[in-house]
Amino acid sequence: MSKATDIVSPDHAAADHDDHHDHHIPKGLMRWVLTTNHKDIGTLYLWFAFIMFLTGGAMAMVIRAELFQPGLQIVDPNFFNQMTTVHGLIMVFGAVMPAFTGLANWLVPMMIGAPDMALPRMNNWSFWILPFAFSILLASLFLEGGGPAFGWTFYAPLSTTYSGDSTALFVFSVHIMGISSIMGAINVIVTIFNMRAPGMTWMKMPLFVWTWLITAFLLIAVMPVLAGAVTMVLTDKFFGTSFFDAAGGGDPVMFQHIFWFFGHPEVYIMILPAFGIISQIVPTFARKPLFGYASMVYATASIALLSFIVWAHHMFTTGMPVAAEMFFMFATMLISVPTGVKVFNWVATMWRGSMTFEIPMMFALAFIVLFTIGGLSGLMLAITPVDFQYHDTYFVVAHFHYVLVTGAVFSIMAAVYYWLPKWTGRMFDITLAKWHFWCSLISVNLLFFPMHFVGLAGMPRRIPDYALQFADFNKWISIGGFAFGLSQLIFLWVMIKACRKQGEPVSSQVWEGAEGLEWEIPSPAPYHSFETPPVVK
Amino acid sequence: MATTSHTALVGKLVLVVVAMFGFGFALVPLYDVFCDITGINGKTNETAATVYAGEVEESRTVTVEFITRTHTGMPWEFRAQTHRVKVHPGELNTVEFYVRNPASKGMVAQAIPSVTPGQAALFLNKTECFCFNSQPLNAGAEALMPMRFYVDPQIPDDIHFFTVQYTLFDVTGGNDGDKKTNPFLTSFVEN
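Residues numbered from 1 in each chain as written. Chains lettered and ligands numbered in written order. Predicted model: local features only at pLDDT ≥ 70, side-chain atom pairs only at ≥ 80, totals over all residues. Heavy atoms only, no water.

Trainee: Can you lay out the overall build of chain A for me, pointing to particular residues and giving the numbers?
Mentor: Helix and strand counts for chain A come out as 17 helices and 2 strands. Its C-alpha atoms give chain A a radius of gyration of 23 Å, within 12% of the compact-globule value 24 Å for 537 residues. Referenced to the eigenvectors of the C-alpha coordinate spread, the extents of chain A come out at roughly 70 × 50 × 45 Å. Per-residue burial over chain A gives 62% buried out of 537 residues. Within chain A, residue pairs in contact and separated by at least 24 positions form 83% of the contacts whose partners lie at least 6 positions apart. When the accessible surface of chain A is split by element, carbon and sulfur atoms take 70% of a total near 19,500 Å². (Helix = DSSP H or I, 4+ residues; strand = E, 2+ residues; numbered from the N terminus. Rg over C-alpha atoms; globule rule 2.2 N^0.38 Å. Buried < 20%, exposed > 50% of the residue type's maximum accessible area, 1.4 Å probe, protein only. Contact = heavy atoms within 4.5 Å. Areas by Shrake-Rupley, 256 points an atom, 1.4 Å probe, with all protein chains shown as cover.)

Structural data, given as structure tokens:
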């Protein structure tokens, strides 16, 4: 959208500048502990997210190993429940959200022509409390009685009456994750509001910046509600309150209302930045400007607003009156309109473009197709009478893994491959990356597509055993799961090679069709960029 | 210069965060008020309703069903003496519930009603109910607890049948005054 035609310092001057500053970068571990540099913090977030992705993935492997065949063979049911719970929590709060925050740290300042994030010290804090949150959560698995086993949605009374003592650790770790997200979101908002380069007007901002701005507002609106919900669980369990206990005047169904008031905007927190990423990548490799820029911005804002009035579609089976079920059904279906606008715009951007299929584009195309499949199964789930059959089956698991794995996670991989040469200054190993893409694409569909079938046939989720007729499908699902898990080791390999600065040096533009401020600074991006703001025309 | 503008914006954003944390807790009384007005979660009146003075609608009949259960860990025997009763809207009826405490110590119970379909809850008016208060019972003792009610003639024509379920909870932990109480709900403080 925007192109800085008048950068104050030319490339080689910027590089000299960079050398000068390099002397002040502390070496060793303390550089990373004390850093306030947005690029360092972005890198920390991304590596943290990747480690959590592999950790949560290892738990998924335990789940799939147990479900490889019917019957109980590898883990006991209580540990199985801990695995599903902690897998969900880690993937949501430890992998997807920190990965997006890491991308925001790296890219938002470079995209709007700012020298750094607005609040660098808070930035350091918001990252460094995360490892503590997840250490607490993971440590709870090794305590007597085990970790949380009530599902990532921690419904009362499972989390209040029937949970173990580790619930306190769960609550505190969620508090810390929430504080981290809120600080990150405040930082993004202040950076975008106050630090845009001269001429970078609202409607010139790259879509990744727009989607992150809207995501940040969602975060500060709903993460505090989650903090409230876990606090109520804590006091119900340990301090004798009865928020969710009918005997004391509370209501367990109210838990679900409060949780999903957070939970539904949360799923858009995990997909809006993905929309932004795809909207950056598709125009580059179609060599055409994004079709319908303004409609993309408005569609993102509409999705964000609508996300606050659809929460009870997660609760159709709780016995709501018909009028409420109708309202939430139609409000949910309404969301497919702005989402459809986005998919349409991406396709229209590619229409008659000079398309090439570099690795980021392949992930972006896979995203568009597979996310749409997840969106369509979401529409099916939105239909109230149909949801009564699908509720709590593997169909739901298939749906949200299509939107979160082939949606959010694929977009993160696309983003990493797209901007990695800018970060390291060198092209990553394309052959390995192709292996990563094709292995992931095939295995992820083998993993999640048959879940639709077993779900429709009635296989319940979160159960370590199943009826014999689901055995064949589950075997294939597990094989797909192991293959998808192993495929991510190729990704790890590509990343390690890239961080060791192997590969061909790249130009500052990196990709032929790339436009935007971040492609006008040298590759690798200097430690300090845009110390003098560029002028955007 | 830049720092000042950051501070102002950060201040506003922190205010939003604090307000939303408060809103999370405000949802608790809001939920209660909302359900109270609309009756959508099947909660009935928690204090005695005034006796209906208008005319009884002899032309309509509504069937009211009573079911009982005890909460997990509650040893009492608890059953409705009348399982099903046909009533005319506006007519005052009395049904009785039998309880027995088989435990070797005195216990206190609290019954919580729930109406299905929820819309009917608004039209079930209880003038007297054992569920308005907690019920103490000595070891081995038994009792018949009455419930007097009428169905509001305002009840929509399409509701011909509804179910009232009572769940009996063990609240022996303390007397009425220091029962486990939700600080944001006044439901049982009034009793």
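Back to the write-up after that little detour.
Trainee: Which residues make up the interface of chain B and chain A, and what values go with them?
Mentor: The partner chain A presents 36 residues to the 32 residues of chain B that form the contact. Here chain B meets chain A over a buried area of about 2,800 Å², counting both sides, of which 75% is carbon and sulfur. Linking chain B with chain A are 0 salt bridges, by the criterion used here. At the boundary of chain B with chain A, the tally comes to 2 residue pairs in polar contact (both at pLDDT 80 or more). Of the residues forming the side of chain B that touches chain A, the biggest block, 16 residues, is contributed by helix α1 (residues 2–38) of chain B. (Buried area = accessible area lost by both parts, 1.4 Å probe. Salt bridge = Lys/Arg side-chain N within 4 Å of Asp/Glu carboxyl O. Polar contact = N/O pair within 3.5 Å; in protein donor to acceptor, adjacent residues only side chain to side chain.)

Trainee: Give a detailed account of the sheet that holds strand β1 (residues 62–70) of chain B, specifying residues and quantitative values.
Mentor: In a beta sheet, neighbouring strands are held together by backbone hydrogen bonds and run either parallel or antiparallel to one another. Residue and element names in this part refer to chain B. Strand order across the open sheet formed by 5 strands is β3-β1-β9-β5-β7, with mixed pairing between neighbours. Each end of this open sheet is capped by a strand with a single partner; those strands are β3 (84–87) and β7 (135–137). In this sheet, adjacent strand axes meet at a mean angle of 30° when their direction is disregarded. The pairing of β1 with strand β9 (residues 161–170) spans 8 bridges and is classified as parallel. Along β9, the bridge assignment pairs Val 64 with Phe 162. (Pairing = 2+ DSSP bridges. Axes fitted to C-alpha atoms, helices over the stretch in contact; angles between N-to-C directions.)

Trainee: Could you give an account of the state of the cysteines, naming the residues involved and the relevant values?
Mentor: Residue and element names in this part refer to chain B. What the rule picks out here adds up to 1 disulfide over all chains. Residue pairing for Cys 129: its cysteine sulfur links by disulfide to Cys 131, the two sulfurs lying 2.4 Å apart. Given an S-S torsion of about 130°, the disulfide between Cys 129 and Cys 131 has right-handed geometry. Residues Cys 129 and Cys 131 agree in their burial class; the two are buried. (Disulfide = S-S within 2.5 Å.)

Trainee: Explain the pairing of strand β4 (residues 93–100) of chain B residue by residue, including any values.
Mentor: All names here are of chain B. Relative to β4, strand β2 (residues 77–80) runs antiparallel, the two being bridged by 4 bridges. Across the sheet, Phe 78 pairs through a bridge with Val 99, a residue of β4. For β4 and strand β8 (residues 142–151), the ladder comprises 8 bridges, and the chain directions are antiparallel. Residue Val 95 lies in a different strand from β8, and its bridge partner there is Met 147.

Trainee: Can you tell me about the side chain of Thr160(A), naming the residues and giving the values?
Mentor: Mapped onto the secondary structure, Thr160(A) falls in the loop between α6 (130–139) and α7 (167–194). Discounting chain neighbours no more than four positions away, the residues touching Thr160(A) are Val233(A), Asp236(A), Lys237(A) and Phe244(A).

Trainee: An account of the UniProt feature "transmembrane region" (unreviewed entry) in chain B is needed here, citing residue identities and associated values.
Mentor: The residues that UniProt annotates with the feature "transmembrane region" (unreviewed entry) are residues 12–31 of chain B. Between the first and last C-alpha atoms of residues 12–31 of chain B the distance is 27 Å; the span itself is 100% helix and 0% strand. (UniProt positions renumbered as here; feature names shortened; annotations may be inferred.)

Trainee: I'd like to hear about unusual backbone geometry, residue by residue, with values.
Mentor: All names here are of chain A. For the bond running from Ala 156 to Pro 157, omega is 5°, close enough to zero to count as cis. Inspection of the secondary structure assignment puts Pro 157 in the loop between α6 and α7. Following Ser 523, the chain continues into Pro 524 via a peptide bond in cis, with omega recorded as -5°. Of note in this structure, Arg 462 is not a glycine but carries a positive phi near 60°.

Trainee: Describe the packing of aromatic side chains, with residues and values.
Mentor: Residues and elements named next belong to chain B. By the definition in use, this model includes 64 aromatic pairs over all chains. Relative to Phe 130, the ring of Phe 78 lies with its centre 6.3 Å away and its plane at 80°, an arrangement referred to as edge-to-face. One end of the pair, Phe 78, is in strand β2; the other, Phe 130, is in the loop between β6 (124–129) and β7, and 52 residues separate them in sequence. For Phe 130, a relative accessible area of 3% gives the class buried. (Phe/Tyr/Trp six-rings, centres within 6.5 Å; stacked < 30°, edge-to-face > 60°.)

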